[in-house]
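A closer look at the structure
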Amino acid sequence: MANKSNVLHSLMLIFITWRGSKRCCAMTVDPPEDLAVLDSGRLGQMQITWNPPGSLTKMTKCLPQYQLEYFNTYKNNWETLRTPMRTYSTQFDPSKDVHIRVYTILNGECTNNTMVMSKNCTETILKPPSTGVLDAEAEAFICVYHNMENLECSWTRSLKTPPSALQNLYFWHKSLDQAVECPSYLLSGGIRKGCNFPEKSLPEFTDIYFCVNGSSRDGPLKATFFSLQIQNQVKVTAPDKLHLQTSSDTELEFHWENPAGRLPAHCLEWEVRHRHVGADGKISLNHIHTEKPRLTLPFSNSSERNCFQVRSRLNSYCVDQSFWSDWSHETCHPVPDLENRESTLGPEMNFVSIYIYIAVVIIVILVVSLCVWAAVNMRKSGPQKKVDSLLPKLLTNNLTRRVSKIYSGKKICTDVVV
């Protein structure tokens, strides 16, 4: 009997709960009204506003809340939030559709403390402007934060961009009242291809929004929009001070120095490219990842050759992403005599070579100048010298002719007594 009474009691509780939920869910609420989207002129920063439904104007027992859903055009997904406010600001890509919808939510005494959300929503879709030269917008936009010191952004022109087009870059973040134009454009053949930002002119760990637009004789260019955080665009300088030595007959030590600048050492990770040439001439290539600027490898044969290159980047513990640096120069062990001489005397020999080249050029110039000066003088004095050299010959010939005339017809004794 006790078991039967417990079962009946449970059934009664389920029935009462079901009737209460049915009576609560029978209540409905209307969606918000007057949904509007205002462009603040900050490269896609939009202010969304709405009003409560007219059916709730006299309700005092429940304060309505709202569920806002919008499509994030930068992350390519839907964002959802609940708020008692009737306004919200967020960033959109103005070159894409802006899709927004809002629901009304009631929860309190008027709903027996049960949440009720409107079945329908108020929705709006804003289309991007269709003005501008077709397919003439900027392409391949990329920013690189060199050594966390200066940011450089670049883009390429579309094949359909008019030759007369002048492209502009604007940027905005939350610390600015309005969008600002590029402080220093990068030119290629007189054409704007990028923008250079001085050190510390842009904040880190802050969303920064960029817009590249332009004008031409054929009309305005279609604007393109981009968003990024500069600490995720870091490219480290390639290591340039490499040290390779044997610590014993069985170990080869390779270490290098961190890049100069404000890069945090604990954020750096390294990749080492190891090229091994065995005693038999076979070559193997291996890539080694390390979080410390040093590497120790086994070393057993002095006839083997080991060569190393290093590159680095910021690790995922500090930033979401980063660029690998360029590879460093290659250093090898053992170093041939010629390479050792070049590495030891490289800078001095470079300076000596430069001095030798300069001296040779000066000597060549002097010799050429002397030759030209001599040739000019020869041309000026040449005819006079030729006349002077011919005078003795002419006098000799005249004298001979006169003598031959005097003794003509007379016998001349051929015997000469000395």
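Since we're looking at a predicted model, the values are computed, not measured. (Residues numbered from 1 in each chain as written. Predicted model: local features only at pLDDT ≥ 70, side-chain atom pairs only at ≥ 80, totals over all residues. Heavy atoms only, no water.)

**A closer look at the side chain of His-274**
- Relative to the helices and strands, His-274 is located in strand S20 (residues 268-277).
- Side chain to side chain, His-274 and Asn-306 meet in a polar contact 2.8 Å long.
- What His-274 contacts, discounting residues up to four positions off in sequence, is Ser-284, Leu-285, Asn-286, Ile-288, Leu-297, Asn-306, Cys-307 and Phe-308. (Helix = DSSP H or I, 4+ residues; strand = E, 2+ residues; numbered from the N terminus. Polar contact = N/O pair within 3.5 Å; in protein donor to acceptor, adjacent residues only side chain to side chain. Contact = heavy atoms within 4.5 Å.)

**What about the pattern of salt bridges?**
- For the coordinates displayed, the defined rule picks out nine salt bridges.
- The partner of Arg-311 in a salt bridge is Glu-271, with the nearest N and O atoms 2.7 Å apart. Separated by 40 residues along the polypeptide, Arg-311 in strand S23 (residues 305-314) and Glu-271 in strand S20 bring together distant segments of the chain.
- A relative accessible area of 13% places Glu-271 in the buried class. (Salt bridge = Lys/Arg side-chain N within 4 Å of Asp/Glu carboxyl O. Buried < 20%, exposed > 50% of the residue type's maximum accessible area, 1.4 Å probe, protein only.)

**Regarding the sheet that holds strand S12 (residues 180-181)**
- Taken in spatial order, the four strands make up an open sheet running S12-S11-S15-S16, and their pairing is antiparallel. At either margin of the open sheet sits one strand with a lone partner, and together these are S12 and strand S16 (219-228). (Pairing = 2+ DSSP bridges.)

**With respect to the state of the cysteines**
- In total, this model carries four disulfides according to the counting rule given.
- Each sulfur in the disulfide pair Cys-182 and Cys-195 lies 2.1 Å from the other. The S-S bond linking Cys-182 to Cys-195 shows a torsion near 105°; that makes this disulfide right-handed. Of this pair, Cys-182 sits in the loop between S12 and strand S13 (185-188) while Cys-195 sits in strand S14 (residues 191-197); the two residues are 13 residues apart in sequence, bridging distant segments of the chain. Each member of the pair, Cys-182 as well as Cys-195, carries the same accessibility label: buried.
- One disulfide bridge connects Cys-267 with Cys-318, the sulfur atoms lying 1.9 Å from each other. Its torsion about the S-S bond being -80°, the disulfide of Cys-267 and Cys-318 is classed as left-handed. Within this pair, whereas Cys-267 is found in the loop between strand S19 (251-256) and S20, its partner Cys-318 is found in the loop between S23 and strand S24 (331-333), the two being separated by 51 residues in sequence. (Disulfide = S-S within 2.5 Å.)

**Examining the sheet that holds strand S22 (residues 294-298)**
- Read from one edge of the open sheet, three strands run S18-S19-S22, paired in antiparallel fashion. With partners counted over all chains shown, the strands left at the sheet margins are strand S18 (242-246) and S22, one partner each. For this sheet, the mean inter-axis angle between neighbouring strands, taken without regard to orientation, is 15°.
- Inspection of the sheet shows S18 paired to S19 by five bridges, in the antiparallel sense. Residue pairing for S19: Gln-245 is matched across the bridge by Glu-253. (Axes fitted to C-alpha atoms, helices over the stretch in contact; angles between N-to-C directions.)

**Description of the packing of aromatic side chains**
- Under the counting rule described, the total for this entry stands at 13 aromatic pairs.
- With 5.6 Å between their ring centres and 50° between their planes, Tyr-74 and Tyr-209 make a pair best called tilted. On the criterion of sequence distance, the pair formed by Tyr-74 in the loop between strand S3 (65-72) and strand S4 (77-83) and Tyr-209 in strand S15 (residues 208-216) is long-range, its members being 135 residues apart.
- Of the residues examined, Tyr-209 reaches a relative accessible area of 10% and is grouped as buried. (Phe/Tyr/Trp six-rings, centres within 6.5 Å; stacked < 30°, edge-to-face > 60°.)

**Some words on the side chain of Thr-83**
- Looking at where Thr-83 falls in the secondary structure, it is placed in strand S4.
- Of note is the side chain of Thr-83, whose polar atom sits 3.0 Å from the backbone nitrogen of Met-85.

**Here's the deal with unusual backbone geometry**
- With a phi angle near 55°, Leu-43 is a residue other than glycine that sits in the positive phi range.
- Looking at the secondary structure, you find Leu-43 in the loop between strand S1 (33-39) and strand S2 (45-51).
- For Leu-43, a relative accessible area of 11% corresponds to the buried category.
- One non-glycine residue, Ala-140, lies in the positive phi region at around 50°.
- Judged by relative accessible area, which is 57%, Ala-140 ranks as exposed.

**Some details on the nonpolar core**
- Ranked by size, the top nonpolar core spans 40 residues in total, and within it Leu-151, Leu-169, Phe-197 and Phe-210 carry the most contacts.
- Every residue in contact with Leu-151, bar those within four places of it in the chain, is listed here: Cys-143, Val-144, Tyr-145, Cys-195, Asn-196, Phe-197, Leu-202, Phe-210 and Ile-230.
- Core analysis: the next-biggest nonpolar cluster, separate from the first, contains 13 residues, Leu-68, Tyr-70, Ile-100 and Val-102 among them. (Core = buried A, V, L, I, M, F, W, Y, C linked by side-chain atoms within 4.5 Å.)

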